[in-house]
Amino acid sequence: MSTSVWWVRRDIRLGDNGALQSAAAAGTVVPLFVWEDNLLGGAGDFRRAFLFDALESLDDSVGRALIYRDGPAVAAVPEFCRLVGADTVHITEDFAPWGRARDAEVERALAASGVRLVRADTPYVIAPGTVRKDDGTPLKVFTPFYKRWLTHRWSSFGDGAVEFADHRDLCAGPRRREGLQTASPVPAGESAAWRRFDEWSSRAMDRYKDDRNNPALDGTSMMSPYLKFGVVHPRQLLDRLDATSGAEHFRSEIAWREFYADVLFHQPRTAWENLQPKMDAIKVDTDDAARERFAVFCRGETGYPIVDAGIRQMLATGWMHNRVRMIVASFLVKDLHLPWQWGARFFMEHLVDGDIASNNHGWQWTAGTGTDAAPYFRVFNPTSQGAKFDPSGDYVRRFVPELADVDTKHIHDPSGLGLLAPAGYPAPMVDHAAERNEALARYKKVSGQ
DNA sequence: TTTTGAGTTGTTCGA
DNA sequence: GTCGAACAACTCAAA
């Protein structure tokens with residue numbers, strides 16, 4: 001029997017893994033992980049710690065057979081194949097710009113030594129580039145994409161038996177643990193993921209439509225870190241959904257992840273550039289004063305409680321509730337008039353689930369530069385959004401301790417208490433009504449041309 | 001080719 | 001306090 005390499009990247013799981021099953025069908029499997037500097041480019045300790053723990057958990061499940069090697073992959077993977085005598089490398093395809101370029105390079109290097117790179121699975125239910133209009137062109141609006149996405153068939157790869165080879169003498173060791181200041185904020189590993197999903201879905205799926213918008217509740221699935229690194233595959237989640245309305249909304253969130261991956265696949269430049277070029281003309285502030293405002297924002301000291309709570313939740317836990325992500329993003333773009341890229345980079349540094357397609361296109365959606373011609377007048381009011389979605393104020397109190405004793409009536413507008421406002425909490429850094437008008441004026445200028 | 005309807009997540013104002 | 005209208009124009013998808 002020949003030896004095949006399962007090159008683990010963002011598919012850190014044994015269940016329903018096409019790359020693993022493909023490798024197993026080809027021979028005795030050596031699971032390989034290559035540490036690359038770019039792999040976690042821009043990632044802070046939370047995402048690094050989660051990745052490390054997820055790999056450790058996988059290593060436990062394969063009897064310590066996981067081999068770590070130092071990158072770059074273009075050198076490390078072919079060399080490893082020579083060392084173990086493998087003639088095929090099996091992967092879950094990467095569709096983001098940097099990963100695609102890397103894989104093409106590795107494929108060429110492998111071919112030079114007679115080794116074949118097998119793209120056996122994707123991190124998505126439907127591979128990016130698959131859902132298209134009748135004329136073959138990609139879709140640019142979510143709802144039509146979703147309707148077509150639902151018509152595509154997919155099937156699981158199952159959980160067939162795998163024989164792992166023992167090459168631990170070749171393991172360079174998971175040394176990247178050194179220097180990590182943080183523990184993973186979310187328990188990593190497949191069994192932890194499924195414990196969470198089973199507990200959450202049985203308790204909260206039928207209330208998902210409403211509860212998902214209340215950041216004080218445990219109303220969202222918390223599957224995003226696991227999806228990011230393929231600890232669970234979205235196929236496995238769809239398999240567990242029923243026909244209830246809560247499940248339908250959850251399915252649609254899965255589809256949003258696939259939609260943004262599809263958009264980025266077709267237009268890689270949109271990772272950091274406006275999807276709509278005409279929005280390049282909108283005025284954004286980048287001077288010294290803007291940088292100072294950004295620094296205040298990044299510390300969670302804007303004086304708007306829901307915004308500060310969100311930023312501080314992310315800084316403290318590596319995760320931010322989705323509703324609050326939108327409020328925070330809207331504040332940066334529409335109240336501070338900063339480039340959405342500043343916020344996207346900030347999020348990518350701290351989020352345990354930071355994914356270039358979902359994060360950056362989410363930011364573009366908020367900024368009105370991306371998919372969907374968002375009405376230019378859609379400007380979130382951070383005070384009323386707080387009151388509407390955190391009506392108890394418990395979310396704010398949890399992450400902004402200075403406001404712990406403020407009553408519910410004033411929790412989202414403590415400056416309204418006047419002299420009774422908590423001394424340790426800053427006054428609003430900008431006047432929302434004035435900045436809203438400024439944002440409307442800037443957007444109108446672009447659309448009116 | 002032309003036409004038509006629609007487009008995740010909002011806010012404010014005035015009746 | 002509630003509720004509907006107004007807030008623009010444009011692009012996309014499909015008929």
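Residues numbered from 1 in each chain as written. Chains lettered and ligands numbered in written order. Predicted model: local features only at pLDDT ≥ 70, side-chain atom pairs only at ≥ 80, totals over all residues.

### So, the overall build of chain A
Assigned secondary structure in chain A consists of 18 helices and five strands. For chain A, whose C-alpha radius of gyration is 23 Å, the value lies close to the compact-globule estimate of 22 Å for 449 residues. With 449 residues in all, chain A has 42% of them scored as buried. A fraction of 76% describes how many contacts in chain A between residues 6 or more apart in sequence connect residues 24 or more apart. (Helix = DSSP H or I, 4+ residues; strand = E, 2+ residues; numbered from the N terminus. Rg over C-alpha atoms; globule rule 2.2 N^0.38 Å. Buried ≥ 20, exposed ≤ 12 C-beta atoms within 10 Å, placed from the backbone. Contact = placed C-beta atoms within 7 Å.)

### Concerning the protein's contact with DNA strand C
Residues in contact with DNA strand C amount to twelve residues; listed here are only the nearest, L139, K140, P144, P375 and F377. Considering every element that reaches the surface near DNA strand C, the biggest residue donor is helix α5 (residues 142-151), with three residues. Considered class by class, the residues forming the surface near DNA strand C number seven nonpolar, one polar and four charged. (Near = placed C-beta within 6 Å. Nonpolar A, V, L, I, M, F, W, Y, C, P; charged D, E, K, R; others polar.)

### Quick notes on the environment of G424
In this fold, G424 is placed in the loop between α17 (394-399) and α18 (432-447). Once the C-alpha coordinates of G424 and E402 are considered, the two residues, 22 residues apart in sequence, prove to be 6.0 Å apart.

### Observations concerning the pairing of strand β1 (residues 3-7)
In terms of burial, β1 is largely enclosed, as four of its five residues are buried. As paired elements, β1 and strand β2 (residues 28-35) share five bridges and run parallel to each other. Across the sheet, W7 pairs through a bridge with L32, a residue of β2. Running through helix α1 (residues 18-26), the crossover from β1 to the neighbouring parallel element β2 is right-handed. Direction of pairing for β1 relative to strand β4 (residues 86-92): parallel, over a ladder of four bridges. (Pairing = 2+ DSSP bridges. Right-handed = clockwise from strand over helix to strand, strands pointing away.)

### Quick word on the packing of α5 against helix α10 (residues 245-266)
Where α5 contacts α10, the two axes come as close as 10 Å, and the packing angle between them is 105°. Between α5 and α10, the angle is such that the two are roughly perpendicular. Every residue of α10 that contacts α5 at F142, F145, Y146 and W149 is listed here: S252, A255, W256, E258 and F259. Each residue belonging to the contact of α5 with α10 can be placed in one class, and the counts come to seven nonpolar, one polar and one charged. (Axes fitted to C-alpha atoms, helices over the stretch in contact; angles between N-to-C directions. Parallel < 35°, antiparallel > 145°, perpendicular 65-115°, else oblique.)

### Describing the nonpolar core
Core analysis: the largest hydrophobic core is formed by 87 residues, its most contacted members being V5, W6, L32, A54, V77 and V89. Not counting the four nearest positions on each side in its chain, V77 is found in contact with W7, V34, V89, V106 and L110. (Core = buried A, V, L, I, M, F, W, Y, C linked by C-beta atoms within 7 Å.)

### A closer look at the sheet that holds strand β5 (residues 116-121)
With parallel pairing, five strands are arranged side by side in an open sheet as β3-β2-β1-β4-β5. Each edge of the sheet is formed by a strand with only one pairing partner; in this case those strands are β3 (67-70) and β5. Strand after strand, the sheet turns through a mean of 35° between neighbouring axes, direction not considered. The pairing of β4 with β5 spans five bridges and is classified as parallel. From the neighbouring strand, T92 faces β5, where its bridge partner is D121.

### Some thoughts on the environment of E79
Counting through the fold element by element, E79 comes out in helix α3 (residues 73-84). By the C-beta count within 10 Å, which is 13 here, E79 ends up partly exposed.

### Quick look at the domain arrangement of chain A
As assigned here, chain A comprises domain 1 (1-121), domain 2 (124-157 + 190-266) and domain 3 (277-447). The partner domain 3 presents 18 residues to the 16 residues of domain 2 that form the contact. Elements represented by at least two residues in the side of domain 2 that touches domain 3 include exactly α8 (224-228) and α10. For the side of domain 2 that touches domain 3, the per-class residue count stands at nine nonpolar, four polar and three charged. (Domains from an automatic or database assignment.)

### Structural notes on unusual backbone geometry
Residue P72 follows G71 across a cis peptide bond; omega there is 5°. Although it is not a glycine, R64 adopts a positive phi angle of roughly 60°. Position of R64 among the secondary structure elements: in the loop between α2 (45-61) and β3. By C-beta crowding, R64 is classed as partly exposed, having 13 other C-beta atoms within 10 Å.

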